Amino acid sequence: MLPRQSGGKASAESLGGVASPLVRIDGDGELVLGARAEHGIVAFALANETVVLREDCLLGFELAPIAYHSAKLAVGDGESAHVVQLHGTGVVLLELLERLQAVDVTEGHPAFVRRDALVGWTGSIAPRPVSPAEGPSGQRGLLNLVGTGTALLTPR
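Just so it is clear, the structure is predicted and the values come from calculations on it, not from any experiment.

Asks: When you look at the pattern of salt bridges in this model, what are you seeing that I'm missing?
Replies: Two side chains that carry opposite charge are able to pair once their charged atoms sit near each other. Counted by the stated rule, this structure contains seven salt bridges. Residue D26 pairs with R24 through a salt bridge whose shortest N-O separation is 3.0 Å. By relative accessible area, which is 54% here, R24 ends up exposed. For E79, the salt bridge identified is with R115, shortest N-O distance 3.5 Å. Of this pair, E79 sits in strand β6 (residues 79-96) while R115 sits in the loop between β8 (111-114) and β9 (118-130), and the two are 36 residues apart along the sequence. You can call R115 buried: its relative accessible area is 19%. Connected via shared salt-bridge partners are R4, E13 and E55.

The rules behind these values
- Residues numbered from 1 in each chain as written.
- Predicted model: local features only at pLDDT ≥ 70, side-chain atom pairs only at ≥ 80, totals over all residues.
- Heavy atoms only, no water.
- Salt bridge = Lys/Arg side-chain N within 4 Å of Asp/Glu carboxyl O.
- Buried < 20%, exposed > 50% of the residue type's maximum accessible area, 1.4 Å probe, protein only.
- Helix = DSSP H or I, 4+ residues; strand = E, 2+ residues; numbered from the N terminus.

So this is what it looks like as structure tokens:
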């Protein structure tokens, strides 16, 4: 089990949660991974970069060259989602039901997204829950992405 960690300290909770914990695998050899039914695997490389991802979408990453930090993201209605910040150089794997889309967010042009559609982001984006009174047509379950960077979304 790979522990969640915050402030450089490991917690007793596993990264990925109880239902799908991430584990550390060491040694020489080949590793074959498969996605759950109806899911696909998306691989991308970080080059001395930082990305923040929802834990429930993270399938794996190269631990030695990539450092991680756990956090919670407020998503509204008193709920939160576990996220992990990855920084460094190496490969990251996501397991998703739908294709991944990248959307640029710029200062002065925030984006409203459904909270379930947000997979992660790069740059200095600050997702904030939107109350029904603030949302278009009183919609619930929206996040306002403010700042500059790229939002990673699925079209749920």
